[in-house]
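Understanding the architecture of this molecule
Chain by chain, the residues run as shown.
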Amino acid sequence: MAADNLLGDFLKAWRGRVAPGDVSVPAGGRRRVAGLRREELARLAGISEPYLVRLEQGVDRHPSPQVLSSLARALKLDADTSAHLHALAGPAPVPPSRTGVSADIHRLLDAWQDRPAYVRDRCFDVLAANKRARALASLYEPGSNLVRSVFLDPASRRLFPDWTEVAAQTAAALRAEADPHDPRTVRLVAELEGDEEFRRLWARHETRPARDELKRFAHPVVGSLALRRQALTVGGAEQQVIIVYQAPDGSPSEAALARLV
């Protein structure tokens, strides 16, 4: 993560990904750059080209919300990516006041005896997990980092049959949820950029917060599982997220979950 020019890196990456034809810009003759030229994006967003240069070079890092919205429309960003663009140009967020998991949340995790559940923070550090989650995969052990595990632990490629999609979603979720100004995030990304696949995905600047979805596992003991993931924000500790996995009633995955511990 280029911590000194987050907004500029984002704008350059997305400008390079938008094909002229996608935004009704004539392709013209031979083009030296992929995507849009600076003057084309500036015209679409209703700003001057010199001002766009200042934004991309990091000279101006705090454009108005109106300018950001215009850039988002010009680049055809979805709602999640547009929100991320606005966050990059805002002030550094206030650090969370609570870092530990409350006793009530620990009791809640333990009460879900038949469902894997864990708590992570916005940097994807696992803060707490119940027995079923720890039996499902070692990456859910408290103290581990989910992004580091997905990309750097070879076991994750065996655990997730859809590892390519899991990796892309993980990188995009980190981009969407982690505080880019947090030194922990900067250190984590710097470490992971040594991995070729992470470096490729991170350079795409895709943004997709973790949402409810189906996730497949290939467990070394109980075999295949298809589990529905749900993400819940912890009240009073908005930097913490509870992840719960559930299997359909009466399904082979439910039977496999019962054999986990």
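Residues numbered from 1 in each chain as written. Predicted model: local features only at pLDDT ≥ 70, side-chain atom pairs only at ≥ 80, totals over all residues. Heavy atoms only, no water.

**Observations concerning the overall build of the protein chain**
Worth spelling out the cut-off: In DSSP terms, a helix is any run of H or I states spanning at least four residues, a strand is any run of E spanning at least two, and both are numbered starting from the N terminus. Buried means the residue's accessible area, taken with a 1.4 Å probe over protein chains only, is under 20% of the maximum for its type, while exposed means over 50%, and partly exposed covers the values in between. Every residue pair with non-hydrogen atoms within 4.5 Å of one another is taken to be in contact.
The helix and strand tally for the protein chain stands at 13 helices and 5 strands. Seen through its principal axes, the protein chain has C-alpha atoms that stretch 60 × 40 × 35 Å. Relative to its full complement of 261 residues, the protein chain shows a buried share of 47%. Within the protein chain, contacts between residues at least 6 apart in sequence are counted, and of these 54% link residues at least 24 apart.

**Here we look at the packing of aromatic side chains**
As a reminder of what qualifies: Within 6.5 Å between ring centres, the rings of Phe, Tyr and Trp (the latter by its six-membered ring) count as paired, and their orientation is classed by plane angle as stacked under 30 degrees, edge-to-face over 60, tilted in between. Lysine and arginine charges are scored as sitting over a ring when NZ or CZ, respectively, is within 6 Å of the ring centre and within 35 degrees of the ring normal.
Per the counting criterion, the structure on display carries 8 aromatic pairs. On the basis of an interplanar angle of 35° and a centroid distance of 6.2 Å, the ring pair of Phe10 and Trp14 is categorised as tilted. Here Trp14 and Phe10 lie together in helix 1 (residues 6-15), a separation of 4 residues that amounts to about one turn. There is no split in this pair, since Phe10 and Trp14 are both buried. Within the aromatic cluster, the residues linked to one another by ring pairs are Tyr118, Tyr140, Phe160, Phe217 and Tyr245. Sitting above the plane of the Trp202 ring, Arg175 keeps its charged end 3.7 Å from the centroid.

**Considering the sheet that holds strand 2 (residues 126-129)**
Basically, it comes down to this: Paired strands, in this sense, are two strands between which DSSP finds at least two bridges. Note on geometry: axes are lines fitted to C-alpha atoms, helical ones only across the stretch in contact, with angles between N-to-C directions running from 0 to 180 degrees.
Taken in spatial order, the 5 strands make up an open sheet running 2-1-5-4-3, and their pairing is antiparallel. The sheet is open, and its two edges are formed by strand 2 and strand 3 (213-219), each paired on a single side. Neighbour-to-neighbour, the strand axes of the sheet open up by a mean angle of 30°, direction not taken into account. In this structure, strand 4 (residues 223-234) lies alongside strand 5 (residues 237-246), joined through 7 bridges in antiparallel fashion. The partner of Gln230 across the bridge, within strand 5, is Val244. Contacting strand 1 (117-121), strand 2, strand 4 and strand 5, helix 6 (residues 103-111) crosses the sheet at an angle of about 145° to strand 1.

**Focus on the packing of helix 2 (residues 38-45) against helix 4 (residues 65-74)**
Inclusion rule: Should the near helix be turned anticlockwise from the far one by less than a right angle, the crossing is termed left-handed; should it be turned clockwise, right-handed. Following the grouping adopted for this structure description, the nonpolar residues are Ala, Val, Leu, Ile, Met, Phe, Trp, Tyr, Cys and Pro, the charged ones are Asp, Glu, Lys and Arg, and the polar ones are all others, Gly among them.
Close contact between helix 2 and helix 4 brings their axes to 8 Å; oriented N to C, the two are set at 115°. Judged by the twist between their axes, the crossing of helix 2 over helix 4 is right-handed. Note on element contacts: helix 4 touches helix 2 through Ser70, Leu71 and Ala74, opposite Leu41, Leu44 and Ala45. Here the contact of helix 2 with helix 4 is composed, by residue class, of 5 nonpolar, 1 polar and no charged.

**Examining the environment of Tyr245**
How we decide: Counted as a polar contact is a pair of N or O atoms within 3.5 Å, where, for protein atoms, one must be capable of donating a hydrogen and the other of accepting one, and residues adjacent in sequence contribute only when both atoms are in side chains.
Tracing the chain through its elements places Tyr245 in strand 5. In the structure, Tyr245 is positioned 12 residues away from Leu257 in sequence and 10.0 Å away in space, judged by C-alpha atoms. Residues within four places of Tyr245 in sequence aside, it is in contact with Arg115, Pro116, Tyr118, Leu136, Tyr140, Lys215, Phe217, Leu227, Arg228 and Arg229. Side-chain polar atoms of Tyr245 contact the side chain of Tyr140, separated by 3.1 Å.

**Here we look at the pairing of strand 4**
As paired elements, strand 3 and strand 4 share 7 bridges and run antiparallel to each other. Bridge pairing in strand 4 places Arg216 opposite Ala226. In sequence, strand 3 turns back onto strand 4 through a hairpin of 3 residues.

**Digging into the nonpolar core**
Stated formally: To form a nonpolar core, buried Ala, Val, Leu, Ile, Met, Phe, Trp, Tyr and Cys residues must be joined to one another through side-chain atoms within 4.5 Å.
By size, the foremost hydrophobic cluster in this structure holds 41 residues, and its most contacted members are Tyr140, Phe151, Phe160, Leu174, Phe198 and Phe217. Other than its neighbours up to four places away in sequence, Tyr140 contacts Tyr118, Val126, Ala129, Ala133, Arg134, Leu146, Phe160, Lys215, Phe217 and Tyr245.

**Side note on the packing of helix 2 against helix 3 (residues 49-57)**
Here is the rule: Roughly parallel covers angles under 35 degrees, roughly antiparallel covers those over 145, roughly perpendicular covers 65 to 115, and oblique covers all other angles.
Taken N-terminus to C-terminus, the directions of helix 2 and helix 3 make an angle of 110°; their axes are 9 Å apart at the nearest point. Of the possible angle classes, the one that applies to helix 2 and helix 3 is roughly perpendicular. Of the residues in helix 3, those touching helix 2 at Arg38, Glu39, Leu41 and Ala42 are Glu49, Leu52, Val53 and Glu56. Of the residues belonging to the contact of helix 2 with helix 3, the class tally is 4 nonpolar, no polar and 4 charged.

**Topic: the confidence of the model for the protein chain**
A low pLDDT score tells you not to read the predicted coordinates there in detail. Short version of the rule: Note: pLDDT gives the predictor's confidence per residue, expressed from 0 to 100.
Scored by pLDDT, the protein chain has a mean of 89; 93% of the residues are at 70 or more. At the low end of the mean pLDDT range in the protein chain sits helix 5 (residues 79-89), at 88; at the high end sits helix 8 (residues 146-152), at 97.

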